[in-house]
Amino acid sequence: MAAAVSHSHEHADPVAHAWHRVRINRLGLWLFLISDGALFAIFAASRFYIAGTAIDPHLNQLLGLAITSLLLLSSFSAYRAETAFAHGNTAHGRTMLLATILMGLLFVGGVAYEWSIAEFAASEVYGTAFFSMTGMHAFHVVTGLLFLAVIWARSGGGRYSQGPAVWPVTAVVIYWHFVDVVWVFFYPTLYLLK
Amino acid sequence: MSNGNHGGEAAQQRKGLMVFLALAVLTVVEYIVAVSLTSTPLLVTLLALAAGAKCWAITVYFMHVTRLWRGEEVH
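Let me sum up the structure you'll find in this document. These figures come from a predicted structure and were not determined experimentally. Here the residue numbers are simple positions, counted from 1 along each chain's written sequence. Here the convention is simple: chains get letters from A, ligands get numbers from 1, in the order in which they are written. Only residues with pLDDT of at least 70 are given local features in this predicted model, and only at 80 or more are side-chain atom pairs given and counted; all residues enter the totals for whole chains, interfaces and linings. Derived side-chain values reflect all non-hydrogen atoms in the structure, with water molecules and hydrogen atoms excluded from consideration.

1. Here we look at the overall build of chain A
- Each helix is a run of H or I in the DSSP string that is no shorter than four residues. Each strand is a run of E no shorter than two, and both are numbered from the N terminus. Counting secondary structure elements, chain A contains 6 helices and 0 strands.
- Walking chain A from its N terminus toward its C terminus, one meets helices and strands in the order α-α-α-α-α-α.
- When the accessible surface of chain A is summed, it comes to about 8400 Å², and 72% of that surface belongs to carbon and sulfur atoms.
- Think of it this way: Lys and Arg go in the positive column, Asp and Glu in the negative one, and His and the chain ends go nowhere. For the purpose of locating charges, the reference atoms are NZ of Lys, CZ of Arg, CG of Asp and CD of Glu. Within chain A, the 9 negative side-chain charges are centred at a point lying 12 Å from the centre of the 9 positive side-chain charges. Here the accessible surface of atoms and residues is derived via Shrake-Rupley with a 1.4 Å probe, and residues count as covered only by protein chains that are part of the display.

Right, here's the structure in full:
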């Protein structure tokens, strides 16, 4: 009974109803991220199962550090974008979204370059782990870039300005951070072990 | 837009900058530890700790995971 009364109040108040929808959407997004995270965990576990902790000595360590720093920086600009939108600062938010997209593109370019200069084949043990893990991660980066581009293109005119209206920006930014979290584990797994 | 709103945004941006700097320091520490250490078990342990700390910071401060169980949005 109490729940029904509360529910009807939320419908009577459009803002409360909008926040209610955001809470449901947020839970759905996190459930998706947990299931997607399990996929990445399986990839990481497979890497240790087939190749132990060994890495290829020919890996370009500086390139690995550079693309890792880029992705980290892009997470910060995505955070700045979300914060700006949440405070009605749409112009700054759009600029930060664009910066995030640019750094994401550079990250993908770095991974592509790493693939092109790799001195190991995908058929080798370490190569199987490296190409499958970076490939699956890069696919997520590309989808994140598409989401960011859509949000940037639709964010003119104050569409995502303050309150529950910011949720589309928040959702895409959370997804982008998730991609960063995955790389937080993949970077040492692929580049830094011995 | 009120000055309070601007102040709130500036405070949040500062918090984000602090988190980013912590993440950057941890990444550099990871790299230095990896090129310096020769003991694999110690290296794996330290890298796992650093990655766990970075994951926690991003999840809590950038992804706002606590909003999952908080009743109201606060920006």
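2. Considering the interface of chain B and chain A
- For this analysis, residues touch if any pair of their heavy atoms sits within 4.5 Å. The partner chain A presents 39 residues to the 40 residues of chain B that form the contact.
- Taken over both partners, the interface formed by chain B and chain A buries close to 3600 Å², and the fraction arising from carbon and sulfur atoms is 70%.
- Only one rule defines a salt bridge in this text: a Lys or Arg side-chain nitrogen within 4 Å of an Asp or Glu carboxyl oxygen. Here chain B is connected to chain A by 1 salt bridge.
- For the purposes of these results, a polar contact is taken to be a pair of N or O atoms within 3.5 Å, where, inside protein, one atom must be able to donate a hydrogen and its partner to accept one; residues adjacent in sequence count only when each atom of the pair is a side-chain atom. On inspection of chain B and its partner chain A, the count reaches 7 residue pairs in polar contact (both at pLDDT 80 or more).
- Elements with a contribution of two residues or more to the side of chain B that touches chain A: α1 (3-36) and α2 (40-62) of chain B.
- Here the side of chain B that touches chain A takes 16 residues from α1(B), the largest share from any one element. Buried area is understood as the total, over both parts, of accessible area removed when two parts are fitted together, assessed with a 1.4 Å probe.

3. Points about the nonpolar core
- By nonpolar core is meant a set of buried Ala, Val, Leu, Ile, Met, Phe, Trp, Tyr and Cys residues that side-chain atoms within 4.5 Å join together. We call a residue buried when its accessible area falls under 20% of the maximum for its residue type, exposed when it is over 50%, and partly exposed in between, using a 1.4 Å probe and counting protein chains only. Residues F130(A), W183(A), F186(A), Y191(A) and M63(B) are the most contacted members of the largest nonpolar core, which totals 70 residues.
- Contributions of two or more residues to this core are made by α2 (14-51), α3 (61-86), α4 (90-117), α5 (125-154) and α6 (167-192) of chain A together with α1 and α2 of chain B.
- Here this core takes 19 residues from α6(A), the largest share from any one element.
- Apart from the residues within four sequence positions on either side, Y191(A) is in contact with I55(A), L59(A), N60(A), Q61(A), G64(A), I67(A), E114(A), F130(A), W183(A) and F186(A).

4. Digging into the environment of M96(A)
Residue and element names in this part refer to chain A.
- By the secondary structure assignment, M96 is in helix α4.
- Overall, the relative accessible area of 14% leaves M96 in the buried class.
- The sequence separation of M96 and W19 amounts to 77 residues, and the corresponding C-alpha distance is 25 Å.
- In this structure, M96 is in contact with S77, R80 and A81, ignoring residues within four places of it in sequence.

5. Topic: the packing of aromatic side chains
Residues and elements named next belong to chain A.
- Aromatic pairing here means that ring centres of Phe, Tyr or Trp (its six-membered ring) are within 6.5 Å. Orientation follows from the plane angle: under 30 degrees is stacked, over 60 is edge-to-face, and everything else is tilted. Considering all chains together, one arrives at 18 aromatic pairs over all chains under this definition.
- For the ring pair F120 and F130, a centre distance of 5.2 Å and an interplane angle of 85° mean the geometry is edge-to-face. With a gap of 10 residues between them, F120 in the loop between α4 and α5 and F130 in helix α5 connect regions that are remote in the sequence.
- Classification of F120 as buried rests on a relative accessible area of 6%.
- For F130, a relative accessible area of 0% corresponds to the buried category.
- Put simply, the rings of F107, W115, F120, Y126, F130, F131, W183, Y187 and Y191 pair up and form one aromatic cluster.
- The positively charged end of R47 is found above the aromatic ring belonging to F48, 5.3 Å away from the centroid. A ring is considered to have a charge above it if a Lys NZ or an Arg CZ atom is located within 6 Å of its centre and within 35 degrees of its normal.

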